[in-house]
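Breakdown of the fold
Now for the letters of each chain:
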Amino acid sequence: APAFSMVTAGSPRIEWSSIAGKEPFTMNFYAVSPHSEVVTFQNDFGVPISSCGRRMRPLASGSGGGSPEVHVPILSVNGNEVTVRVSTQPHPMLSVHYIQWIVLECANSRQCRFLVPGQEPQATFLLTDGDQVKAAYAYCNIHGFWASQR
């Protein structure tokens, strides 16, 4: 079975698993709709993905609406420390509208931080020596999935 992680809007969690002998190539995020549960596969084996009998489709950054100015993750790298800040303008962090999680994708690792209302919409990650940042992803509970590539 493919390696995956899952985030459910009602009770967010991520479970990382791996496939013995397989290196992850790229992260792809899928959902039935822009505001449903999100699944990310580290390896694509070409098997259709479904949830509750409904086919999941790849998510596109910004497909859930909203303004890029308050949703696109911005990367800042300082040595082995990476800070991902959501947007150039402040994003609300209210109980009814907030960034639920930020994921950092690197050449050799994936890391996730869950956020709660009231927190700043940013996360700091530490890289191992030699790892390189590839992309950052964020998920708004109202406006869905957002991405930025390095």
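Everything here concerns the structure above.
Residues numbered from 1 in each chain as written. Predicted model: local features only at pLDDT ≥ 70, side-chain atom pairs only at ≥ 80, totals over all residues. Heavy atoms only, no water.

1. As for the sheet that holds strand 10 (residues 110-114)
Here we have four strands laid out as an open sheet, ordered 10-9-12-13, and antiparallel in their pairing. Each having just a single partner strand, strand 10 and strand 13 (144-149) make up the two edges of the open sheet. Here the average twist between neighbouring strands, direction ignored, is 15°. Across seven bridges, strand 9 (residues 99-106) lies against strand 12 (residues 133-140) in antiparallel orientation. (Pairing = 2+ DSSP bridges. Helix = DSSP H or I, 4+ residues; strand = E, 2+ residues; numbered from the N terminus. Axes fitted to C-alpha atoms, helices over the stretch in contact; angles between N-to-C directions.)

2. Describing the pattern of salt bridges
When the charged atoms of two side chains lie near each other, side chains of opposite charge can form a pair. Per the counting criterion, the structure on display carries two salt bridges. With its nearest N and O atoms 3.4 Å apart, the salt bridge here joins R110 to E105. Residue class for R110 comes out buried when judged on its relative accessible area of 12%. E105 sits in the buried class, given a relative accessible area of 1%. In this structure, the salt-bridge partner of E105 is K134, at a minimum N-O distance of 3.6 Å. Here the residue E105 occupies a position in strand 9, and K134 occupies one in strand 12, the gap between them amounting to 29 residues. Note on K134: relative accessible area 30%, which makes it partly exposed. Linked through salt bridges whose partners overlap, the residues forming this network are E105, R110 and K134. (Salt bridge = Lys/Arg side-chain N within 4 Å of Asp/Glu carboxyl O. Buried < 20%, exposed > 50% of the residue type's maximum accessible area, 1.4 Å probe, protein only.)

3. Focus on the side chain of T83
Relative to the helices and strands, T83 is located in strand 8 (residues 81-86). Polar side-chain contacts of T83 include one of 3.4 Å to the side chain of T124. Dropping the residues within four chain positions of it, T83 is found in contact with I74, L75, S76, Q122, A123 and T124. (Polar contact = N/O pair within 3.5 Å; in protein donor to acceptor, adjacent residues only side chain to side chain. Contact = heavy atoms within 4.5 Å.)

4. Looking at the sheet that holds strand 11 (residues 122-126)
Spatial strand order, 7-8-11: three strands in an open sheet with antiparallel pairing. Each edge of the sheet is formed by a strand with only one pairing partner; in this case those strands are strand 7 (73-78) and strand 11. Taking each pair of neighbouring strands and ignoring which way they run, the sheet shows an average axis angle of 20°. As paired strands, strand 8 and strand 11 are joined by five bridges and run antiparallel to one another.

5. Thoughts on the packing of aromatic side chains
Counted by the stated rule, this structure contains two aromatic pairs. Ring geometry for Y137 versus F145: centroids 5.7 Å apart, planes at 15°, classification stacked. Residues Y137 and F145 agree in their burial class; the two are buried. (Phe/Tyr/Trp six-rings, centres within 6.5 Å; stacked < 30°, edge-to-face > 60°.)

6. Re unusual backbone geometry
With the exception of glycine, the majority of residues adopt a negative phi angle, and the majority of peptide bonds are in the trans configuration. Even without being a glycine, S87 presents a positive backbone phi close to 80°. Following the sequence through the fold, S87 ends up in the loop between strand 8 and strand 9.

7. Quick look at the nonpolar core
Formed by 18 residues in total, the largest nonpolar core has its most connected members in L75, V82, V84, I99, I102, L104 and V133. Elements with a contribution of two residues or more to this core: strand 8, strand 9, strand 11 and strand 12. Apart from the residues within four sequence positions on either side, L75 is in contact with V82, T83, V84, L104, V133, A136, S148 and R150. M27, V38, Y139 and F145 belong to the second-largest nonpolar core, a separate cluster that totals 13 residues. (Core = buried A, V, L, I, M, F, W, Y, C linked by side-chain atoms within 4.5 Å.)

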